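What follows is the residue order along each chain.
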Amino acid sequence: MLLELENVTASYGPVQVIDGVSLSVPDGGAVGVLGANGAGKTTTLRAITGVVRAGGEIRFDGRSIRGMRPDQVAALGIAHVPEGRGTLGDLTVRENLRVGAYLRRDRAGIARDIDYCLELFPQLQDRIRSNASALSGGEQQMLAVARAFMAKPRLLLLDEASLGLAPGTAKSVYGAIRRLRAESGIAMLVVEQNANLAFSLVDEAVVLETGRSVLSGPTEELRTMDEIRRAYLGG
Ligand SMILES: Nc1ncnc2c1ncn2[C@@H]1O[C@H](COP(=O)(O)OP(=O)(O)O)[C@@H](O)[C@H]1O
Ligand SMILES: [Mg+2]
């Protein structure tokens, strides 16, 4: 397994908000994290990246990363596309992509990967000299994904990439992420409230309820379960 969480817990101050999250992501695999608002999805990603302090076990590539600082976790090859996108508004699209590659020294590889991002997200090509803050919501989400890819990660953490986007835009963002997955082999942990979009990308998923993982299984199995259909698939 590339990433393994075993009984992970995390708190904000005295308030424990995740309380036993277990999941694993195989090398090159993609796993969804479903759950209602407030279930602890974002906090789970923050526990992995070291932004919040966690209990339990978090292993990446066989070694414990629990307690590491965010920069150390990033250096191991874990890139995070946070909720709300987190692009740098005062920098241009090209500068954002370069910032994503800040730990890399392979100049030719960086140039090649910038070209690849612009092929994957052609809208960004037209906006390459624009400040990120001038982009539409969909373009900012594309830039956030592209920027994370520029780090050449082994694992991408995606937090609600569809949030606030028109349905057609969300679909096209997920289409590009699907292609990125197929062509790069980067493993993905995909937080989504829109289960249909998540299921279009992932092989399996975990359901969180009030800070615990309560159910997991292959996408095809979850799709057919009544409780999943009612809660996350609109019927
Ligand atoms: N910075 C914070 N300080 C205190 N409580 C927080 C903070 N962020 C989130 N929470 C609380 O933690 C719980 C889980 O939140 P979160 O992980 O953001 O859920 P999700 O991403 O599934 O919507 C919620 O009850 C939320 O109100
Ligand atoms: Mg969230």
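Quick caveat, the model's predicted, so the values are computed rather than measured.

The rules behind these values
Residues numbered from 1 in each chain as written. Chains lettered and ligands numbered in written order. Predicted model: local features only at pLDDT ≥ 70, side-chain atom pairs only at ≥ 80, totals over all residues. Heavy atoms only, no water. Helix = DSSP H or I, 4+ residues; strand = E, 2+ residues; numbered from the N terminus. Buried < 20%, exposed > 50% of the residue type's maximum accessible area, 1.4 Å probe, protein only. Polar contact = N/O pair within 3.5 Å; in protein donor to acceptor, adjacent residues only side chain to side chain. Contact = heavy atoms within 4.5 Å. Donors = N, O, S within 2.8 Å, 3.2 Å for Na, K, Ca; no water. Near = heavy atom within 4 Å. Areas by Shrake-Rupley, 256 points an atom, 1.4 Å probe, with all protein chains shown as cover. Nonpolar A, V, L, I, M, F, W, Y, C, P; charged D, E, K, R; others polar. Phe/Tyr/Trp six-rings, centres within 6.5 Å; stacked < 30°, edge-to-face > 60°. Pairing = 2+ DSSP bridges. Axes fitted to C-alpha atoms, helices over the stretch in contact; angles between N-to-C directions. Patch = residues over 30% accessible without salt bridge, like charges linked within 9 Å, V, L, I, M, F, W, Y side chains within 5 Å. Salt bridge = Lys/Arg side-chain N within 4 Å of Asp/Glu carboxyl O. Lys, Arg positive; Asp, Glu negative; His and termini not counted. Charge placed at Lys NZ, Arg CZ, Asp CG, Glu CD.

Considering the arrangement of structural elements, one finds Gln-140 in helix 6 (residues 137–149). According to the relative accessible area criterion, Gln-140 is buried, its value standing at 18%. Here Ala-132 takes part through its backbone oxygen, which lies 3.3 Å from a polar atom of the side chain of Gln-140. Apart from residues lying up to four places away in sequence, Gln-140 is in contact with Arg-85, Thr-87, Ala-132, Ser-133 and Leu-135.

Before going further, it helps to spend a moment on the coordination of the magnesium ion (ligand 2). Protein coordination of the magnesium ion (ligand 2) is provided by Thr-42 (OG1) and Glu-83 (OE), with donor distances spanning 2.0 to 2.2 Å. Of the two residues, Thr-42 sits in helix 1 (residues 41–49) while Glu-83 sits in the loop between strand 6 (78–81) and helix 3 (93–100), which places them 41 residues apart along the sequence. Classification of Thr-42 as buried rests on a relative accessible area of 15%.

Moving on to the site of ligand 1. Tyr-12, Val-17, Ala-36, Asn-37, Gly-38, Ala-39, Gly-40, Lys-41, Thr-42, Thr-43 and Arg-46 make up every residue found near ligand 1. Within the side chain of Lys-41, an N or O atom sits 2.8 Å from an oxygen atom of ligand 1. When ligand 1 sits alone it has 560 Å² of accessible area, and the protein chains cover 60% of it. For the shell around ligand 1, the element with the highest residue contribution is helix 1, accounting for four residues. Class assignment of the residues belonging to the shell around ligand 1 gives a composition of four nonpolar, five polar and two charged.

Further remarks concern the packing of aromatic side chains. Tallied over the full model, the rule gives one aromatic pair. Ring geometry for Tyr-116 against Phe-149: centres 5.5 Å apart, planes inclined by 50 degrees, an arrangement best described as tilted. Of this pair, Tyr-116 sits in helix 4 (residues 107–120) while Phe-149 sits in helix 6, placing them 33 residues apart in sequence. Accessibility expressed as a relative area gives 16% for Tyr-116, which makes it buried.

Another aspect to go through is the pairing of strand 2 (residues 15–25). In this structure, strand 1 (residues 3–12) lies alongside strand 2, joined through eight bridges in antiparallel fashion. Residue pairing across strands places Leu-5 opposite Leu-23, the latter belonging to strand 2.

All right, on to the sheet that holds strand 4 (residues 54–60) then. Across a sheet, strands are paired by hydrogen bonds formed along the backbone, either parallel or antiparallel in direction. Judged by pairing direction, the sheet is antiparallel, and its four strands sit side by side in the order 2-1-4-5 without closing on themselves. Looking at the sheet topology across the chains shown, the edges are occupied by strand 2 and strand 5 (63–64). Against the sheet, helix 1 makes contact with strand 1, strand 2 and strand 4, and its axis sits at roughly 110 degrees relative to strand 1, the strand it touches most.

This paragraph deals with a positive patch on the surface. Taken together, the side chains of Arg-94, Arg-98, Arg-107 and Arg-129 define a basic patch exposed on the protein surface. Mapped onto the elements, Arg-94 comes out in helix 3.

Bringing the sheet that holds strand 6 into the picture now. Strand order in this open sheet of six strands is 6-7-8-3-9-10, and the pairing throughout is mixed. Two strands bound the open sheet, and with one partner strand each, they are strand 6 and strand 10 (212–218). When strand polarity is set aside, the average angle formed by the axes of neighbouring strands in this sheet is 15 degrees. Summarising the sheet, strand 6 and strand 7 (residues 155–159) pair through four bridges and their orientation is parallel. Across the sheet, residue Val-81 finds its bridge partner in strand 7, namely Leu-158. Against the sheet, helix 1 engages strand 3 (30–34), strand 6, strand 7, strand 8 (187–191) and strand 9 (204–209), with an angle of about 150 degrees to strand 7. Each of strand 3, strand 7 and strand 8 is contacted by helix 7 (residues 167–184), which is oriented at about 155 degrees to strand 8, the strand it contacts most.

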